[in-house]
Amino acid sequence: MKLATPRLSLAPLDPAADAEGLHAAYGDPEVMTWWTRPATATAAETQRLLAEENARSGAMLWTVRDEGGTVVGLVGLLGAVEIPGLTWILARHTWGRGFATEAAAAAIEYAFTHAGLDRVEAWVEASNARSLAVCQRLGLVRQGTLAQRYAHRTHPHEVAVLGLTNPQHKQEPTPVLRVEPVLPVTDVAATLSLLRAVLSGRVSFSVGEPVEVAGLVLGPWSVGPSIRLVTASGAQSAPVTLALDAATELDELHRRAVASGAGRVEPPTEQPWGVREFTFELPEGHRLVFSAPA
Ligand SMILES: CC(C)(COP(=O)(O)OP(=O)(O)OC[C@H]1O[C@@H](n2cnc3c(N)ncnc32)[C@H](O)[C@@H]1OP(=O)(O)O)[C@@H](O)C(=O)NCCC(=O)NCCS
């Protein structure tokens, strides 16, 4: 369905007809800085890419034109994703005029009103300030962070996941807001300082003198990934394995784990499911398995 905004017209993507115009965006390395792949070399390659995107199940993509009918970019929803994912891209010379926000708002309105979706989300590289600003203008709220590595990059990067729920849908309260593993250890204070040396983080609470129970929050905010430590009673000694996603810091974490001089630290290895990981075994036998995209 065609959509219109005060300054723009949006027509369902036609890869064959629109590739030439959209190549101004997809063929520009600056525009493609944060994309999942490098810039395309030719309009024909852009057309193949657009055809692939458009063929994914659930994809809803619109080519955006200005008042003069010139193609400025593309907005819409990606196909083949678990939760409907927003996408937007504009030719470089059209940035800074509010076109992305205006066009994406129309796409979201369509998604909520006509397609009946109950939520949309955007995955944005943490360094993509312009795209994060679009999310903010649209009212998307940051829900969490993931680590990803694109095939054409050498290093993983941090991805912010932002979400917006359909205001017309009744929202059930989130049943679980946080899961916190509890590790029984022989000396809570010593394990806290060991984990802080490796993982940084803040002590969110501690109880007892000497400390019997304590919480360690690993992110920079009051909430985030966290671990609770309790004094082990004789019966509670079975070792626990925790999997920790480490984004880009895997080698640094490994260095710190080795430097702590505690427990056993295995070297980072590449796993068949696309991550590098290493295991840090605490003195009680608990295993912390750190991983980052390979
Ligand atoms: C992300 C992207 C689409 C954002 O484009 P953008 O032009 O910065 O975003 P908007 O269209 O919302 O424009 C907002 C800007 O236009 C300005 N503006 C000018 N006239 C305006 C008007 N009439 N109405 C609204 N805003 C206007 C705003 O003040 C704002 O300026 P600022 O950037 O100086 O704060 C663009 O940078 C892009 O194509 N990036 C590469 C592709 C990409 O990374 N996509 C996202 C992957 S997650």
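Parameters at a glance
- Numbering of residues starts from 1 in each chain and follows the order in which that chain's sequence is written.
- For a predicted model such as this one, the threshold for reporting local features is a pLDDT of at least 70, and the threshold for listing and counting side-chain atom pairs is 80 or more; totals across whole chains, interfaces and linings nevertheless cover every residue.
- Side-chain descriptors were evaluated using all non-hydrogen atoms of the structure, hydrogens and water having been removed beforehand.
- Here, strands pair whenever DSSP counts at least two bridges between them.
- For helices the rule is a DSSP run of H or I covering at least 4 residues; for strands it is a run of E covering at least 2, with both sets numbered from the N terminus onward.
- Note on geometry: axes are C-alpha line fits, over the in-contact stretch for helices, and angles between N-to-C directions span 0 to 180 degrees.
- By the convention used here, residues are in contact when the closest approach between their heavy atoms is within 4.5 Å.
- Domains are outlined according to an automatic or database domain assignment.
- Planes of paired rings set the category: under 30 degrees apart is stacked, over 60 is edge-to-face and the rest tilted, where pairs are Phe, Tyr or Trp rings (Trp by its six-membered ring) whose centres lie within 6.5 Å.
- Accessible area is worked out with a 1.4 Å probe on protein chains only. A residue is then buried under 20% of its type maximum, exposed over 50%, and partly exposed in between.
- For this analysis, a salt bridge means a side-chain nitrogen from Lys or Arg found within 4 Å of a carboxyl oxygen belonging to Asp or Glu.
- What we call a nonpolar core is a set of buried Ala, Val, Leu, Ile, Met, Phe, Trp, Tyr and Cys residues that are connected through their side-chain atoms within 4.5 Å.
- Distances are taken per atom, and a residue is near a molecule or strand as soon as one of its heavy atoms is within 4 Å of it.
- Identification of polar contacts relies on pairs of N or O atoms within 3.5 Å, with a donor-acceptor requirement for protein atoms, meaning one able to donate a hydrogen and the other able to accept it, and with residues adjacent in sequence counted only if both atoms are side-chain atoms.
- Only the protein chains shown count as cover for residues, with accessible areas throughout obtained via the Shrake-Rupley method and a probe of 1.4 Å.
- Residues are grouped as follows: Ala, Val, Leu, Ile, Met, Phe, Trp, Tyr, Cys and Pro are nonpolar; Asp, Glu, Lys and Arg are charged; every other residue, Gly included, is polar.

*Asks:* Tell me about the sheet that holds strand E10 (residues 202-207), residues and numbers included.
*Replies:* The four strands are arranged E9-E12-E11-E10 in an open sheet whose pairing can be described as mixed. A strand with exactly one partner marks an edge of an open sheet, and here the two such strands are strand E9 (182-185) and E10. For this sheet, the mean inter-axis angle between neighbouring strands, taken without regard to orientation, is 20°. Bridging between E10 and strand E11 (residues 213-217) involves five bridges; their strand directions are antiparallel. Residue pairing in the sheet places serine 206 in a bridge with alanine 214 of E11. Those strands touched by helix H5 (residues 188-199) are E9, E10, E11 and strand E12 (226-231), and its axis lies near 155° from that of E12.

*Asks:* How would you explain the environment of valine 265 if you had to name every residue and give the values?
*Replies:* Along the chain, valine 265 falls in strand E14 (residues 264-265). Taking the C-alpha atoms as reference points, valine 265 and glutamate 284, separated by 19 residues in sequence, lie 14 Å from one another. In this view, valine 265 contacts His254, Ala257, Val258, Phe278, Thr279 and Phe280; residues no more than four positions away in its chain are not counted.

*Asks:* Run through the domain arrangement of the protein, naming residues and quoting values.
*Replies:* What the domain assignment reports for the protein is domain 1 (3-165) and domain 2 (182-293). When each unit is reduced to the centre of its C-alpha atoms, the spacing between domain 1 and domain 2 is 38 Å.

*Asks:* Requested: an account of the packing of aromatic side chains, with residues and values cited.
*Replies:* For the structure on display, the rule yields three aromatic pairs. Where tyrosine 26 meets tryptophan 35, the ring centres are 5.8 Å apart and the plane angle is 85°; that geometry is what we call edge-to-face. Across this residue pair, the class does not change: tyrosine 26 and tryptophan 35 are buried. Seen in terms of ring centroids, tryptophan 62 and tyrosine 110 are 5.2 Å apart; in terms of plane orientation they differ by 75°. Their pairing is edge-to-face. Here tryptophan 62 is found in strand E3 (residues 60-65), whereas its partner tyrosine 110 is found in helix H3 (residues 99-113), with 48 residues between them in sequence. Side by side, tryptophan 62 and tyrosine 110 carry an identical accessibility label, which is buried.

*Asks:* With reference to specific residues and values, describe the pattern of salt bridges.
*Replies:* What the rule picks out here adds up to 17 salt bridges. Across the pair glutamate 180 and arginine 228 runs a salt bridge, and its minimum N-O distance is 2.7 Å. Remark: arginine 228 occurs in strand E12 and glutamate 180 occurs in the loop between strand E8 (157-165) and E9; sequence separation between them is 48 residues. Several salt bridges converge on common partners, so that one network encompasses Arg264, Glu266, Glu281 and Arg287.

*Asks:* Mind laying out the nonpolar core, listing which residues take part and the relevant values?
*Replies:* Among the nonpolar cores identified, the biggest contains 48 residues, and Leu10, Tyr26, Trp88 and Leu140 are the most heavily contacted of them. Sort the elements by how many residues they give to this core and H3 lands first, with 10 residues. In contact with tyrosine 26, other than residues within four places in its own chain, are Met32, Trp35, Ala39, Thr40, Thr46, Leu49, Leu50, Leu74 and Ile89. Ranked by size, the runner-up nonpolar core spans 25 residues in total, among them Val188, Leu194, Leu244 and Leu253.

*Asks:* Mind laying out the site of the ligand, listing which residues take part and the relevant values?
*Replies:* Near the ligand there are 20 residues, and of these Trp88, Gly96, Ala100, Thr101 and Arg130 occur at the shortest range. Within the backbone of alanine 100, a nitrogen or oxygen atom sits 2.6 Å from an oxygen atom of the ligand. Threonine 101 places a polar side-chain atom, nitrogen or oxygen, 2.4 Å from an oxygen atom of the ligand. Across the complex, the protein chains shield 69% of the 960 Å² of accessible surface that the ligand would expose by itself. Going through the elements one at a time, strand E5 (85-90), H3 and helix H4 (129-138) are the ones with two or more residues in the shell around the ligand. Ranked by residues supplied to the shell around the ligand, first place goes to H4 with four residues. Residue composition of the shell around the ligand, grouped by class: 11 nonpolar, five polar and four charged.

*Asks:* Break down the environment of glutamate 212 for me, with residues and values.
*Replies:* Inspection of the secondary structure assignment puts glutamate 212 in the loop between E10 and E11. The partly exposed category is assigned to glutamate 212, whose relative accessible area is 47%. As a C-alpha pair, glutamate 212 and asparagine 128 span 84 residues in sequence and 43 Å in three-dimensional space. Apart from residues no more than four positions distant in its own chain, glutamate 212 is found in contact with Val188, Val207, Leu229, Val230 and Thr231.

*Asks:* If you had to explain the pairing of E3 to someone new, which residues and values would you point to?
*Replies:* Among the six residues that make up E3, five are buried, leaving the element largely enclosed by the rest of the structure. Examined bridge by bridge, strand E2 (residues 9-12) and E3 share four bridges and lie antiparallel to one another. Directly across from leucine 10, in E3, lies its bridge partner valine 64. Bridge count between E3 and strand E4 (residues 71-78): six bridges; the pairing is antiparallel. Along E4, the bridge assignment pairs threonine 63 with leucine 74. The turn linking E3 back onto E4 is made up of five residues, and glycine 69 within it adopts a positive phi angle of 85°.

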